[in-house]
Amino acid sequence: MKEFSRRVSQKIDKLSPSQIQNLVEDCYAQTEMFDSIFQSLPSGLLIVDEHFCLIKINKAAERFLPFKVNPEDSKSENLSVWKLIDDEEIAKFLQNAHENDKTNISGEYTVTTKGGSVRFIDVYLTPLVQNQEQEKNLIGSIIRIDDVTAKRNQEVLLHRMETLAGLTNVAASVAHEIKNPLGAISIHIQLMQKAIKKKRDDDGLLPPPKYAEDYLDVVTQEIERLNKTVVDFLMAVRPISANLELVNPNKILHEFISFFNPEFTEKHIELDSNLCSCDVRLLLDAKLFREVIVNLSQNAIFAIEKKFGMDEDASKSTLVSGKIKITSKIENERYILTFSDDGVGMDESTASRVFEPYFTTKSNGTGLGMAMSYKIIKEFAGDISVSSCLGEGTTFTIELPVPQTEKKLLTFRDCE
């Protein structure tokens, strides 16, 4: 087509009006065909000029991206494409690429559709090059949008299937634990039945109340034990309802620090934070991640107050002087968050059970906080561990995987 157009341009002055008309009609038909192909592509495409002003957009891009200005509206003319997009992170990505002259880069983002569902999209930026004679001129950029929601959901499903597979051993252990109290219950009920039958056969009178109550007390205790075992099992197997999105964990941490700092100040607790400057985004549920951080901070406050001899019912006027330190870094393609305090600490036995359901050192604690935190971090495909020294303090370490697309983007960012 290109060679044909060149030859026609050289001979156009020799063509008759009818030939020119036919040529124009053929060109129009070709343009219509290419436009149909462009609009039918499953990937979203935005063609922008060297100033990142929109030249052309297809229907898929309009579906995938949220716009605050209609791309087809006359108001969008001469506006940089990031000013049209109603998503701060995507707009920032495109603006940064333009201002720093970056090409052949990509980023993964989450967007919410008009129906309220969350979609995962990959945004790819490649140069638009025009060949002229022996030269190649950069005349703009191509922004490609791919919907990778199905891929991400498949990864989450696979992770959950792996977790469920690991519950086989747990189920076998729970079955054994259930069997023992059931056996004890059965034996004592049989003893009661025999005793009552014997008494009735002899004189028709039932056994003394205390005689029956001794057995009933044992049965009640075993029922409570059995109930706790079942509840713990349900706690272990019940899936976390996480709405995973690509979010910046440091942003959540900064918001948390700003919100809780007055409480730390009131309790005379110094908060020291050293978060990495890398603008990395992880696959998280922001609400659940915040729940983990809040739980860690509450445990740290409790440990610091306990070190100063304050129980949970003591007066808050007692002077407390402690320190909480929060740090984050990127290492070996993982985001590592540490949450430390200089509180009372734990011995080895206590630390080994800190993530167990219903295990607590607080007089009014439920023992579910750290168990839930553990489940949440595992749902994010991460790990959480604890190290503690009695009388010196405790450090919780959370490690979360950096998504593949974010690993590529780290090369363009300062992660010191």
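Everything quoted here is computed from the prediction, not taken from an experiment. Each chain has its residues counted from 1, running along the sequence as written. Given that the model is predicted, a residue must reach a pLDDT of at least 70 before its local features are reported, and side-chain atom pairs must reach 80 or more before they are shown or counted; all residues, however, enter totals for whole chains, interfaces and linings. To get the side-chain values, all heavy atoms of the structure are used, and hydrogens and water are removed first.

### Thoughts on the pairing of strand S9 (residues 322–331)
Formally: Each pair of strands is called paired provided DSSP finds at least two bridges between the two strands. Each helix is a run of H or I in the DSSP string that is no shorter than four residues. Each strand is a run of E no shorter than two, and both are numbered from the N terminus.
Pairing geometry for strand S7 (residues 269–274) and S9, over six bridges, is parallel. Note that in S9 the partner of Ser273 across the bridge is Ile326. One ladder, built from eight bridges, connects S9 with strand S10 (residues 334–341); its direction is antiparallel. Note on S10: the bridge partner recorded for Lys325 is Ser340. Linkage of S9 to S10, two consecutive antiparallel strands, is achieved through a turn of two residues, within which Asn332 is found at a positive phi near 50°.

### Details of the packing of helix H9 (residues 286–307) against helix H11 (residues 369–379)
Any two packed helices are characterised by the angle at which their axes cross and by the distance between the axes. The condition that has to hold: Inter-axis angles, ranging from 0 to 180 degrees, are taken between N-to-C directions of lines fitted to C-alpha atoms, where helices are fitted over the stretch in contact. Crossing handedness is defined as follows: a turn of the near helix away from the far one that is anticlockwise and smaller than a right angle gives a left-handed crossing, while the clockwise case is right-handed. Whether two residues are in contact is decided by their heavy atoms: any pair within 4.5 Å suffices. When residues are grouped by polarity, Ala, Val, Leu, Ile, Met, Phe, Trp, Tyr, Cys and Pro land in nonpolar, Asp, Glu, Lys and Arg in charged, and all others, Gly among them, in polar.
The interhelical angle for the contact between H9 and H11, taken along N-to-C directions, is 145°, at an axis separation of 10 Å. Here H9 and H11 pass one another in a crossing that is left-handed. On the side of H9, the interface is formed by Leu288, Glu291, Val292, Asn295, Leu296 and Asn299, while H11 contributes Gly369, Met370, Ser373, Ile376 and Ile377. Here the contact of H9 with H11 is built from residues that sort into six nonpolar, four polar and one charged.

### Things to note about H9
What counts here: Expected helix span is computed as 1.5 Å times (number of residues minus one). Here a polar contact is recorded for every N or O atom pair within 3.5 Å, except that within protein the pair must consist of a potential hydrogen donor and a potential acceptor, and residues adjacent in sequence are included only if both atoms are side-chain atoms.
Here H9 contains 22 residues, and its C-alpha end-to-end distance of 32 Å stays within 8% of the 32 Å for a straight helix at 1.5 Å per residue. Among the residues of H9, the N-terminal cap falls to Asp285, whose side-chain oxygen and the backbone nitrogen of Lys287 are separated by 3.0 Å.

### Concerning the sheet that holds S9
The five strands are arranged S7-S9-S10-S12-S11 in an open sheet whose pairing can be described as mixed. Two strands in the sheet have a free side with no partner beyond their single neighbour: S7 and strand S11 (383–389). Looking at each pair of strands side by side, their axes are set apart by 15° on average, direction ignored. Running over the sheet, helix H8 (residues 249–266) touches S7, S9 and S10 and is turned about 165° from S7. The sheet strands contacting H11 are S11 and strand S12 (393–401), and the helix crosses S11 at an angle near 140°.

### Thoughts on the confidence of the model for the protein chain
Applied cut-off: Every residue carries a pLDDT, the predictor's confidence in it, which falls somewhere between 0 and 100.
Within the protein chain, residue pLDDT values average 79, and 76% of them lie at 70 or more. Every residue in residues 311–317 scores below 50 in pLDDT, and together they form eight contacts with partners more than four places removed in sequence or on other chains.

### Describing the pairing of S12
Pairing between S10 and S12: eight bridges, direction antiparallel. Across the sheet, the residue bridging to Leu337 is Ile398, located in S12. As paired strands, S11 and S12 are joined by seven bridges and run antiparallel to one another. When the bridges of S12 are listed, Ile384 appears paired with Ile398. Following S11, the chain reverses through three residues before pairing antiparallel with S12; Gly391 in that reversal takes a positive phi of roughly 90°.

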